[in-house]
Each structure stands twice: as structure tokens, then as C-alpha cells.
Amino acid sequence: MIEIVARSEAMREAVRLAERVAGTNANVLVTGESGVGKDALAFYIHSQSTRAAQSFVKIDCATLPSGLLEAELFGYERGAFTGASEEKPGRLEASHRGTLVLDEIAYMSVDSQAKLLRVIETREFERLGGRRTIKVDARLMALTNVDLAEAVKRQHFREDLYYRLNVVHIPVPPLRERREDLPALAQGFVKSYAAKHGRQLSALSPAALSLLTEYDFPGNVRELANTIERAVIVATGKRIDVGDLPESIRAAVSVRRRRVQPLSLAEIEGEYIEEVLGLTKGNKTEAARILGISRKNLYEKLARRSKDEGGRMNDVGEG
Ligand SMILES: Nc1ncnc2c1ncn2[C@@H]1O[C@H](COP(=O)(O)OP(=O)(O)O)[C@@H](O)[C@H]1O
Ligand SMILES: [Mg+2]
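What counts and what doesn't
Residues numbered from 1 in each chain as written. Chains lettered and ligands numbered in written order. Predicted model: local features only at pLDDT ≥ 70, side-chain atom pairs only at ≥ 80, totals over all residues. Heavy atoms only, no water. Near = heavy atom within 4 Å. Polar contact = N/O pair within 3.5 Å; in protein donor to acceptor, adjacent residues only side chain to side chain. Areas by Shrake-Rupley, 256 points an atom, 1.4 Å probe, with all protein chains shown as cover. 1 Å grid on protein atoms, 1.4 Å probe; cavity = no way out; pocket = protein on both sides within 12 Å on 5 of 7 lines; lining within 4 Å. Sits in = over half its atoms within 2 Å of the grid points. Helix = DSSP H or I, 4+ residues; strand = E, 2+ residues; numbered from the N terminus. Nonpolar A, V, L, I, M, F, W, Y, C, P; charged D, E, K, R; others polar. Domains from an automatic or database assignment. Buried area = accessible area lost by both parts, 1.4 Å probe. Salt bridge = Lys/Arg side-chain N within 4 Å of Asp/Glu carboxyl O. Pairing = 2+ DSSP bridges. Axes fitted to C-alpha atoms, helices over the stretch in contact; angles between N-to-C directions. Contact = heavy atoms within 4.5 Å. Parallel < 35°, antiparallel > 145°, perpendicular 65-115°, else oblique. Points joined across faces, edges and corners; volume = space filled by probe spheres on them. Expected span 1.5 Å × (residues − 1). Buried < 20%, exposed > 50% of the residue type's maximum accessible area, 1.4 Å probe, protein only. Core = buried A, V, L, I, M, F, W, Y, C linked by side-chain atoms within 4.5 Å.

1. Regarding the site of ligand 1
No. 1: Inspection of the region around ligand 1 gives 14 residues, with Gly35, Lys38, Asp39, Ala40 and Arg222 positioned closest.
No. 2: Within the backbone of Gly35, an N or O atom sits 2.7 Å from an oxygen atom of ligand 1.
No. 3: The backbone of Lys38 places a nitrogen or oxygen atom 2.8 Å from an oxygen atom of ligand 1.
No. 4: Protein burial of ligand 1: of its 560 Å² of free accessible surface, 80% is covered by the chains.
No. 5: Among the detected pockets, ligand 1 sits in the second largest pocket.
No. 6: If you tally residues by element for the shell around ligand 1, the top one is helix α2 (residues 38-48), at three residues.
No. 7: When the residues that make up the shell around ligand 1 are grouped by side-chain class, the tally is six nonpolar, three polar and five charged.

Put into C-alpha cells, the structure is as follows:
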């Protein structure tokens, strides 16, 4: 079973829609930026549907050139084209009674779109080079990170196919528009990657979590997952700390913080000290050497900083 994290209202709405549509045979269009969880949601719908015990078949329209895509989708008979030395059933046949996911549907050529439309309307097709008509009962889910309505306007996408696929539309918002989901997602990834890599980590420090919550994640949940996996691998402490997160994320967030509220010199000093401590993996002797101050002085500065109520780093996203 797959668990979809949905703490934000936007994601809860998407999951509610998914659950309502799961019990029907309606075609579903799932849209959203790359990495938001379209595949995950499609599989969730399948797993909640009456087709759950049947196959869940996926075809990626973005990576296959048109000819190959049709061969994969419809299958072919022996001798259908050069190289077709054996007959091969396609993914449509494989998805009979189950679910067929058309990933990145916007990349399908207009020719292939016409052939797909015919399958939807007649529930029949022939393999390439074949004459036998095959009946198929598949629930279709189309995924895209492209605005399909816009593609229709520009005549890159058939309008009739668009309406056939878009019976129920589930938009999945980018992670930056539903930051409430981030702590639970991050926590789940820490657990699963710690298990995968045999690490005794179970949490993120509040500062690390608040840093992540302030970052925009252009790569959405996939980028968060990769970030956490990397952090789990490099972390030396019992929890993931700011220093275990990529420099690019720390830099982006500190620019953002500075823009929101300019820092005092003491705050800049404090953040710089944390950065250096990150570099030295918490080694204070080494950090003091880099900073050009004594170890004693470094300890005093750290003590002052933590007395100032952990500074701004702990303001957000305790959890
Ligand atoms: N709401 C969620 N809860 C748990 N895991 C998620 C969620 N959304 C995405 N993921 C995970 O994030 C990664 C990227 O999601 P994916 O479905 O492949 O995105 P997309 O198809 O939109 O590019 C996958 O590992 C997926 O399991
Ligand atoms: Mg995907």
C-alpha cells in the first residue's frame, strides 16, 4: 500500500477527489509540475479501485519516439516492421481489466492521439501489422505537467481527446504552495532512507526542518526526497542538521530570509558560525581556527546565540 501524505487543504482535496473517482471507471487527468506526485496519486487511485488486483501499466509518452510509442502501446505482429521478428502484445493488452497510465501525454504525436481516441471510443484496436480486432477494458489515467487546454488552443493536442481524458481533472499543486505537507513528507523520507542505508537516524533538527520549509523546491517532492536521501547519507549526528543540507538550499533560503527581514551583524555572525560548523562537521576546534577566534570565544558566542532563544532558525515548522 502506498501512503499519500496530505496535510494541506490543497492536497487533502486532491486525495478526496482521487478517492471519489477510484470507485468509478472514469478516465482521470492528473496535472502538476514535475515531481509533485502525479505517478504516486495515479497508483493510489488504482490501488483504491476495483481494479486494484489487476495490472497497473504505465507508458511514458515523452521518452518514446512516435513509432516506438505505438509499437509499445498497441503491440505488433510478426513482420509488422523491420525488426519485428516476433509478435508482441502491447501495454494496452497488458492493462486489460486494469489501469493504463499515459505519462506525459502532451508529448504524444497528433497521429498517435487519433489512434488512442479510437481506442477510447470503440474499446477496440489492432496490433501494428495485425488484422485481428482486440477488445480492451482499461481505465485510463493521463498525466501531464503541460497545460493541455493551452496545447489544444495551439493545436498540439486534439480537443476531442482532451475531453475524453479530462473526465475528472485532479490538479496537484506544487510543494511550495502546500508547505504544511513538508514536515510529514520529510519525516517519512528520513525513516525510509535511514532504513535503506542502514543509518540510525530518525529525525530532522528543528533548524533543518525550518530551512526546508522556507525553500521553494522547484523539483517538488522528488527534490525533497533526493535532498533527504543525501542528508541521511552524509549526516554524522543522530538527526539531520542544517549542515547536512546542500549548500545551494542553505544559500537560497538565506537570501530569502535577508530579503524578508534584513539581518543584524550579530545574526550574520551567528549564521556564518553555523555555516562554518557545518563545514567542519561540528568540530569546534577546527571551526574556531577557520574563524580566527579562540575556542573559548567560539563557545561564548554559541552560548549567547542559543540564549537568544535559538535565533530565527527555530521560529518556523517545529514538528
Ligand atoms: N503526497 C506524497 N506522499 C508521499 N510520497 C510522495 C507524495 N508525492 C510524491 N511522493 C513521492 O515523491 C516522488 C516523486 O513523485 P512522482 O509521483 O514520481 O511525481 P511526478 O509523477 O509528478 O513527477 C516519488 O518518490 C513519490 O513516491
Ligand atoms: Mg511522473
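2. A word on the domain arrangement of the protein chain
No. 1: Here the domain parsing of the protein chain yields domain 1 (9-173) and domain 2 (178-314).
No. 2: Both sides of the domain 1 and domain 2 interface together cover about 570 Å² of buried area, and 35% of this is carbon and sulfur.
No. 3: Applying the counting rule to domain 1 against domain 2 returns zero salt bridges.
No. 4: For the side of domain 1 that touches domain 2, a count of residues per class yields four nonpolar, two polar and one charged.

3. With respect to the sheet that holds strand β1 (residues 28-31)
No. 1: Pairing in this open sheet of five strands is parallel, and the strands run β2-β5-β8-β1-β9 from one edge to the other. Here the strands that pair on one side only, and so sit at the sheet edges, are β2 (56-60) and β9 (168-171). Across this sheet, the average inter-strand angle for adjacent strands is 20 degrees, counted without regard to direction.
No. 2: Pairing of strand β5 (residues 99-103) with strand β8 (residues 139-144) involves four bridges; the strand directions are parallel. The residue of β8 that forms the bridge with Leu100 is Leu140.
No. 3: Against the sheet, helix α1 (residues 9-22) touches β1, β8 and β9, its axis set at about 150 degrees to β9.

4. Let's talk about the packing of helix α13 (residues 284-291) against helix α14 (residues 295-307)
No. 1: At a closest axis distance of 9 Å, the pairing of α13 and α14 adopts a crossing angle of 100 degrees. Between α13 and α14, the angle falls in the class roughly perpendicular. Here α13 contributes Lys284, Thr285, Ala287, Ala288 and Leu291 to the contact with α14, which in turn contributes Arg295, Leu298, Tyr299 and Leu302.

5. What to know about the layout of surface pockets
The rolling of a water-molecule-sized probe over the atoms marks out the regions of remaining empty space.
No. 1: Here the largest pocket is characterised by a volume of approximately 920 Å³.
No. 2: Lining the largest pocket are 34 residues; nearest its centre among them are Asp241, Val242, Gly243, Glu274 and Gly278.
No. 3: Tallying contributions element by element places helix α12 (residues 265-279) first for the lining of the largest pocket, with seven residues.
No. 4: Taken together, the residues that form the lining of the largest pocket break down as ten nonpolar, ten polar and 14 charged.
No. 5: What the second largest pocket holds in volume is close to 660 Å³.
No. 6: Every residue lining the second largest pocket is counted, 25 residues in all, and those nearest its centre are Gly37, Ala40, Leu185, Phe189 and Val221.
No. 7: The set of elements that each furnish at least two residues to the lining of the second largest pocket consists of α2, α8 (182-197) and α10 (220-234).

6. Focus on α10
No. 1: Between its terminal C-alpha atoms α10 stretches 21 Å, which fits the 21 Å expected from 15 residues at 1.5 Å a residue.
No. 2: Considered for burial, the residues of α10 that qualify are Asn220, Val221, Leu224, Ala225, Thr227, Ile228, Glu229, Ala231 and Val232.
No. 3: Buried residues along α10 sit against α8, β10 (203-204), α9 (206-214), β11 (239-240) and α11 (247-260).

7. Regarding the environment of Pro171
No. 1: Looking at the element boundaries, Pro171 is found in strand β9.
No. 2: Spatially, the C-alpha atom of Pro171 lies 9.9 Å from that of Thr144, the residues being 27 residues apart in sequence.

8. Quick look at unusual backbone geometry
No. 1: Despite not being glycine, Glu104 shows a phi value in the positive range, around 50 degrees.
No. 2: Structurally, Glu104 is set in the loop between β5 and α5 (110-122).
No. 3: One non-glycine residue, Phe217, lies in positive phi territory at about 45 degrees.
No. 4: Residue classification places Phe217 among the buried positions, given a relative accessible area of 1%.

9. Side note on the nonpolar core
Among soluble globular proteins, nonpolar side chains are generally buried collectively.
No. 1: Membership of the largest hydrophobic core comes to 30 residues, with the highest contact counts inside it found for Leu100, Leu102, Ile105, Phe157 and Leu165.
No. 2: Residue assignment for this core shows that the elements contributing at least two residues are β2, α3 (66-74), β5, α5, β8, α6 (148-153) and α7 (159-165).
No. 3: Looking at this core element by element, the count peaks at four residues for α5.
No. 4: Residue contacts for Ile105: discarding those within four places in its chain leaves Cys61, Leu116, Ala142, Leu143, Thr144, Leu148, Phe157 and Leu165.
No. 5: One finds Leu204, Val232, Leu245 and Ile249 within the second-largest nonpolar core, a separate group that totals 29 residues.

10. Observations concerning the pattern of salt bridges
No. 1: Applying the stated criterion to the full structure yields 28 salt bridges.
No. 2: Across the salt bridge formed by Glu150 and Arg154, the nearest N and O atoms sit 3.7 Å from each other.
No. 3: Classification of Glu150 as partly exposed rests on a relative accessible area of 29%.

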